[in-house]
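Residue-level listing of the chains:
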Amino acid sequence: MLKEVVKPLSYHKPADKICENLKKIDAQICELQYDKQIDLNTVDLKKLRVKQLKKILSDWDEECIGCLEKSDFIKRIETT
């Protein structure tokens, strides 16, 4: 399976096309996604996306009611 993925990548074949070919072998291979663990001690919150900031709050079972901008989410995370 590794050979089926690596060889087309070495030819700079787009990932979408690789997935189409791999679906014939195993349909689940292109559906795999892993969440990256965010280390809050070392990460700069200003560089994260709003989606990631929302995920941090949801992992803590917190909500940010009335948050419209990225800075609102950052303030909520810092206060929590």
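Residues numbered from 1 in each chain as written. Predicted model: local features only at pLDDT ≥ 70, side-chain atom pairs only at ≥ 80, totals over all residues. Heavy atoms only, no water.

So, the UniProt feature "domain: ARMET C-terminal" (unreviewed entry) in the protein chain
Then comes step 1: Listed under "domain: ARMET C-terminal" (unreviewed entry) in the UniProt record, and renumbered for this structure, are residues 42-78.
Then comes step 2: For residues 42-78, the end-to-end C-alpha separation is 13 Å, with 51% helix and 0% strand making up the annotated structure. (UniProt positions renumbered as here; feature names shortened; annotations may be inferred. Helix = DSSP H or I, 4+ residues; strand = E, 2+ residues; numbered from the N terminus.)

Considerations on a nonpolar patch on the surface
Then comes step 1: There is a patch of nonpolar side chains on the surface, built from Ile38, Leu40 and Trp60 and spanning about 220 Å² of accessible area.
Then comes step 2: Along the chain, the position of Trp60 falls in the loop between α3 (50-59) and α4 (70-79).
Then comes step 3: Trp60 gets classed as partly exposed once you look at its relative accessible area, which sits at 34%. (Patch = residues over 30% accessible without salt bridge, like charges linked within 9 Å, V, L, I, M, F, W, Y side chains within 5 Å. Areas by Shrake-Rupley, 256 points an atom, 1.4 Å probe, with all protein chains shown as cover. Salt bridge = Lys/Arg side-chain N within 4 Å of Asp/Glu carboxyl O. Buried < 20%, exposed > 50% of the residue type's maximum accessible area, 1.4 Å probe, protein only.)

What about the packing of α3 against α4?
Then comes step 1: Where α3 contacts α4, the axes come no closer than 10 Å and their chain directions differ by 30°. The orientation of α3 with respect to α4, classified from their angle, is roughly parallel. You can see that α3 and α4 cross each other, and the crossing is left-handed. Here Val50, Leu53, Lys54, Ile56 and Leu57 of α3 lie close against α4, whose contacting residues are Lys70, Phe73, Ile74, Arg76 and Ile77.
Then comes step 2: Its residues placed into classes, the contact of α3 with α4 shows seven nonpolar, no polar and three charged. (Axes fitted to C-alpha atoms, helices over the stretch in contact; angles between N-to-C directions. Parallel < 35°, antiparallel > 145°, perpendicular 65-115°, else oblique. Left-handed = near helix turned anticlockwise from the far one by under 90°. Contact = heavy atoms within 4.5 Å. Nonpolar A, V, L, I, M, F, W, Y, C, P; charged D, E, K, R; others polar.)

Topic: the state of the cysteines
Working definition of a disulfide: a covalent bond connecting the sulfur atoms of two cysteines.
Then comes step 1: For the structure on display, the rule yields one disulfide.
Then comes step 2: Across the disulfide from Cys64 sits Cys67; the S-S distance is 1.4 Å. Accessibility assignment for this pair places Cys64 and Cys67 in one class, buried. (Disulfide = S-S within 2.5 Å.)

Considering the UniProt feature "domain: ARMET N-terminal" (unreviewed entry) in the protein chain
Then comes step 1: The residues that UniProt annotates with the feature "domain: ARMET N-terminal" (unreviewed entry) are residues 1-38.
Then comes step 2: In the segment residues 1-38, helix accounts for 45% and strand for 0%; the C-alpha atoms at its two ends are 30 Å apart.

Overview of the environment of Cys19
Then comes step 1: Among the structural elements, Cys19 can be located in helix α2 (residues 15-22).
Then comes step 2: Along the backbone, Cys19 and Lys51 are 32 residues apart, and their C-alpha atoms lie at a distance of 25 Å.

Regarding the environment of Asp39
Then comes step 1: Turning to its location among the elements, Asp39 is positioned in the loop between α2 and α3.
Then comes step 2: Judged by its relative accessible area of 40%, Asp39 falls in the partly exposed class.
Then comes step 3: When the C-alpha atoms of Asp39 and Ile74 are compared, they prove to be 15 Å apart, with 35 residues separating the residues in sequence.

Considering the nonpolar core
The tendency in soluble globular proteins is for nonpolar side chains to be buried side by side.
Then comes step 1: Counting residues in hydrophobic clusters, the biggest one holds ten residues: Leu45, Leu48, Leu53, Ile56, Leu57, Cys64, Cys67, Phe73, Ile74 and Ile77.
Then comes step 2: Elements with a minimum of two residues in this core: α3 and α4.
Then comes step 3: Those residues within four positions of Ile77 in sequence are excluded, and the remaining contacts are Leu45, Leu53, Ile56, Leu57 and Trp60. (Core = buried A, V, L, I, M, F, W, Y, C linked by side-chain atoms within 4.5 Å.)

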